[in-house]
Amino acid sequence: MTNEFNNPVRQKLKDGKKTVGAFLQVPHSIPAEIFAMAGFDWLIVDMEHAPGDYGDLLTQLQAIKGTGTVPFVRPPWNDDVAIKKILDSGAQGVLVPYVNTGAEAASAVAACRYPPVGVRGVSGSNRAAGFGNNIKNYLEVANREIVVIIAIETQEAIDNLDDILAVEGLDGVFIGPMDLATNLGHIGNPSHPEVLKAFAEIEAKVLGSDKFLGTLTTTWERTQECFDKGYQWLIVMQDVSALVKAANAMTAQFRDAYGDG
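Residues numbered from 1 in each chain as written. Predicted model: local features only at pLDDT ≥ 70, side-chain atom pairs only at ≥ 80, totals over all residues. Heavy atoms only, no water.

Caption draft 1: Molecular detail of the overall build of the chain. The secondary structure content of the chain amounts to 12 helices and eight strands. Its C-alpha atoms give the chain a radius of gyration of 19 Å, near enough to 18 Å, the size a compact globule of 261 residues would have. Here the chain holds 261 residues, and 48% of them are scored as buried. In the chain, 62% of the contacts between residues at least 6 apart in sequence involve partners at least 24 apart. Carbon and sulfur atoms make up 54% of the accessible area of the chain, which amounts to about 12,400 Å² in all. (Helix = DSSP H or I, 4+ residues; strand = E, 2+ residues; numbered from the N terminus. Rg over C-alpha atoms; globule rule 2.2 N^0.38 Å. Buried < 20%, exposed > 50% of the residue type's maximum accessible area, 1.4 Å probe, protein only. Contact = heavy atoms within 4.5 Å. Areas by Shrake-Rupley, 256 points an atom, 1.4 Å probe, with all protein chains shown as cover.)

Pasting the structure below:
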């Protein structure tokens, strides 16, 4: 039994459509399954800041499978080996953090592509290739179907954005609000005027290119604002922060009503 490997989110992005997703930072299958069943276009497992390992990633990807939601992963770093293991596990796209130059963006793309256009090691026995049941189809289409996004998080990356956008095979650019703000000297304040100016500079260049644009939003108003500007790939929720917000709201409501009980 084989299943054709295809990425419907990639087609939506190519067609200029809006897509929405969420961060998975709890290294467990249940939040992944709940969020996938909610109907997001895609979910992105965070391996940069969350405590999960490759075993956790596997169970999260298995929980997403069959729901129609496309799995993305943020690797811990722009590292060929990490990206190879992530893709072999079945991810259909990656968001590579802290990319600052055209050469670094090209390296990220190469890590996601089989030779001769890339450096990804070839294995037909991995989960992505159906544990050997879907080798031919996967090897034929993986280079085309896997989405590669890089994160702009520094002034250096902004200065080199033209070179980054010229990289063949790069699909999208993600603005990391917290890292960018911190690197510009405004720690934890992505709303600072200098940071917003940097956002506008990045937006103008990316939206004028053949790459799609993404970022992280925290409110519906900000989500609508970004979509109206032309963003296509927005992280609108995080499992951890959603749980924290719900728990804090409930305990605060109880304390306001009954104090210590």
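Caption draft 2: Fine view of the nonpolar core. Ranked by size, the top nonpolar core spans 59 residues in total, and within it Ile-150 and Ile-152 carry the most contacts. Of all the elements, helix α10 (residues 193-207) adds the most residues to this core, at five residues. Judged by nonpolar contacts, the second largest core, of 16 residues, contains Ile-149, Phe-174, Phe-212 and Trp-233. (Core = buried A, V, L, I, M, F, W, Y, C linked by side-chain atoms within 4.5 Å.)

Caption draft 3: Expanded view of helix α12 (residues 239-258). Between the first and last C-alpha of α12 there are 29 Å, a value that for 20 residues agrees with the 28 Å anticipated at 1.5 Å per step. Positive phi shows up at Gly-259, right after α12, with a value of about 60°. (Expected span 1.5 Å × (residues − 1).)

Caption draft 4: Broad picture of the side chain of Asp-41. Mapped onto the fold, Asp-41 is located in the loop between α2 (29-37) and β2 (42-46). Here Lys-12 takes part through its side chain, which lies 2.8 Å from a polar atom of the side chain of Asp-41. Among all residues touching Asp-41, those that are not within four sequence positions of it are Val-9, Lys-12, Lys-18, Thr-19, Val-20, Gly-68, Thr-69 and Val-70. (Polar contact = N/O pair within 3.5 Å; in protein donor to acceptor, adjacent residues only side chain to side chain.)

Caption draft 5: Expanded view of the packing of α2 against helix α3 (residues 54-64). As a packed pair, α2 and α3 sit with axes 8 Å apart at the nearest point and diverge in direction by 30°. As the angle between them shows, α2 and α3 are arranged roughly parallel. The element α2 and its partner α3 pack so that their crossing is right-handed. Residues Ser-29, Ala-32, Glu-33 and Ala-36 of α2 form the contact with α3, whose own contacting residues are Thr-59, Gln-60, Ala-63 and Ile-64. By residue class, the composition of the contact of α2 with α3 is four nonpolar, three polar and one charged. (Axes fitted to C-alpha atoms, helices over the stretch in contact; angles between N-to-C directions. Parallel < 35°, antiparallel > 145°, perpendicular 65-115°, else oblique. Left-handed = near helix turned anticlockwise from the far one by under 90°. Nonpolar A, V, L, I, M, F, W, Y, C, P; charged D, E, K, R; others polar.)

Caption draft 6: How the structure looks around the side chain of Asn-100. One can find Asn-100 in the loop between β4 (93-96) and α5 (102-111). In this structure Asn-100 touches Thr-154, Glu-156, Ala-157, Asn-160 and Ile-164, once residues within four positions along its chain are discounted.

Caption draft 7: Focus on the pairing of β2. Among the five residues that make up β2, five are buried, leaving the element largely enclosed by the rest of the structure. The alternating pattern of β2 places Trp-42, Ile-44 and Asp-46 and Leu-43 and Val-45 on opposite faces, both of which are buried. Inspection of the sheet shows strand β1 (residues 19-24) paired to β2 by four bridges, in the parallel sense. Pairing of Gly-21 across the sheet is with Trp-42, part of β2. In this fold, β1 hands off to α2, which returns the chain to β2; that crossover is right-handed. (Pairing = 2+ DSSP bridges. Right-handed = clockwise from strand over helix to strand, strands pointing away.)

Caption draft 8: The layout of surface pockets, seen in detail. The space that makes up the largest pocket amounts to roughly 620 Å³. At the level of elements, α3 and β3 (70-74) are the ones that each hand at least two residues to the lining of the largest pocket. Residue classes in the lining of the largest pocket are distributed as nine nonpolar, 11 polar and three charged. (1 Å grid on protein atoms, 1.4 Å probe; cavity = no way out; pocket = protein on both sides within 12 Å on 5 of 7 lines; lining within 4 Å. Points joined across faces, edges and corners; volume = space filled by probe spheres on them.)

Caption draft 9: Summary view of the sheet that holds β3. One closed barrel accounts for eight strands, arranged β1-β2-β3-β4-β5-β6-β7-β8; its pairing is parallel. On average, each strand axis in the sheet is inclined to that of its neighbour by 25°, with strand direction left out of account. Relative to strand β8 (residues 233-238), strand β7 (residues 212-216) is paired through three bridges, and the arrangement is parallel. Each residue of the ladder has a partner; that of Gly-214, found in β8, is Trp-233.

Caption draft 10: How the structure looks around the pairing of β7. Across the five residues of β7, five count as buried, placing the element largely inside the fold. Going residue by residue along β7, you find Phe-212, Gly-214 and Leu-216 tucked away on one face and Leu-213 and Thr-215 tucked away on the opposite face as well. Once you follow β7 into helix α11 (residues 220-229) and on to β8, the crossover reads as right-handed.

Caption draft 11: Region of the structure containing the pattern of salt bridges. This structure, assessed with the given rule, holds 12 salt bridges. For Arg-113, the salt bridge identified is with Asp-171, shortest N-O distance 3.6 Å. With Arg-113 in the loop between α5 and α6 (135-145) and Asp-171 in the loop between α8 (161-165) and β6 (172-175), this pair connects stretches of sequence that are 58 residues apart. Where salt bridges share partners, they join Glu-203, Arg-222, Glu-225 and Lys-229 into one cluster. (Salt bridge = Lys/Arg side-chain N within 4 Å of Asp/Glu carboxyl O.)

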